[in-house]
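# Secondary and tertiary structure notes
Spelled out from the first residue to the last, the chains are:
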Amino acid sequence: MPTCKSCGETCEADALTRHVSEGWLVVHCPECHAPLGSYRLGTPSVDTMRNVE
């Protein structure tokens, strides 16, 4: 469960406010509306690089 660094509120992930802006998903605290993070849409969710020896 994420905790807002602005107001200290701990929220369920599905309670967060989300919106899309110019190819980014922006997540906000539902209590104080402070931004909690932004994620680029259309990119892989995991790093696909592998260790090469």
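Described below are features of the structure shown in this document. Because the structure is predicted, anything quoted here is derived from the model rather than measured. (Residues numbered from 1 in each chain as written. Predicted model: local features only at pLDDT ≥ 70, side-chain atom pairs only at ≥ 80, totals over all residues. Heavy atoms only, no water.)

## Side note on the environment of Cys-4
For Cys-4, the position within the fold is in the segment before strand S1 (17-21). According to the relative accessible area criterion, Cys-4 is buried, its value standing at 4%. Taking the C-alpha atoms as reference, Cys-4 lies 9.4 Å from Pro-30; in sequence the two are 26 residues apart. Setting aside residues up to four positions removed in sequence, Cys-4 forms contacts with Glu-9, Cys-29, Cys-32, Ala-34 and Leu-36. (Helix = DSSP H or I, 4+ residues; strand = E, 2+ residues; numbered from the N terminus. Buried < 20%, exposed > 50% of the residue type's maximum accessible area, 1.4 Å probe, protein only. Contact = heavy atoms within 4.5 Å.)

## As for the sheet that holds strand S2 (residues 24-28)
Ordered by their spatial adjacency, three strands build an open sheet running S1-S2-S3, and the pairing between neighbours is antiparallel. Edge positions in the open sheet fall to S1 and strand S3 (35-40), since each of these has one partner strand only. In this sheet, neighbouring strand axes are inclined to one another by 20 degrees on average, regardless of whether the strands run parallel or antiparallel. Of the pairings in the sheet, the one linking S1 to S2 comprises five bridges and is antiparallel in character. Bridge pairing links Thr-17 to His-28 in S2. (Pairing = 2+ DSSP bridges. Axes fitted to C-alpha atoms, helices over the stretch in contact; angles between N-to-C directions.)

## As for the state of the cysteines
In this structure the tally under the stated criterion is zero disulfides. Cysteine Cys-7 is unpaired, with the sulfur of Cys-29 as its nearest cysteine sulfur at 3.8 Å. Using a relative accessible area of 38% as the deciding quantity, one classes Cys-7 as partly exposed. Cys-11 takes part in no disulfide bond, and the closest cysteine sulfur, belonging to Cys-29, lies 4.6 Å away. (Disulfide = S-S within 2.5 Å.)

## Comments concerning the environment of Leu-16
One can find Leu-16 in the segment before S1. Classification of Leu-16 by relative accessible area gives buried; the value is 12%. Each C-alpha atom of the pair Leu-16 and Pro-30 lies 5.4 Å from the other, and the pair is 14 residues apart in sequence. Beyond its immediate chain neighbours, meaning those up to four positions away, Leu-16 contacts Pro-2, Cys-11, Val-27, His-28, Pro-30 and Leu-36.

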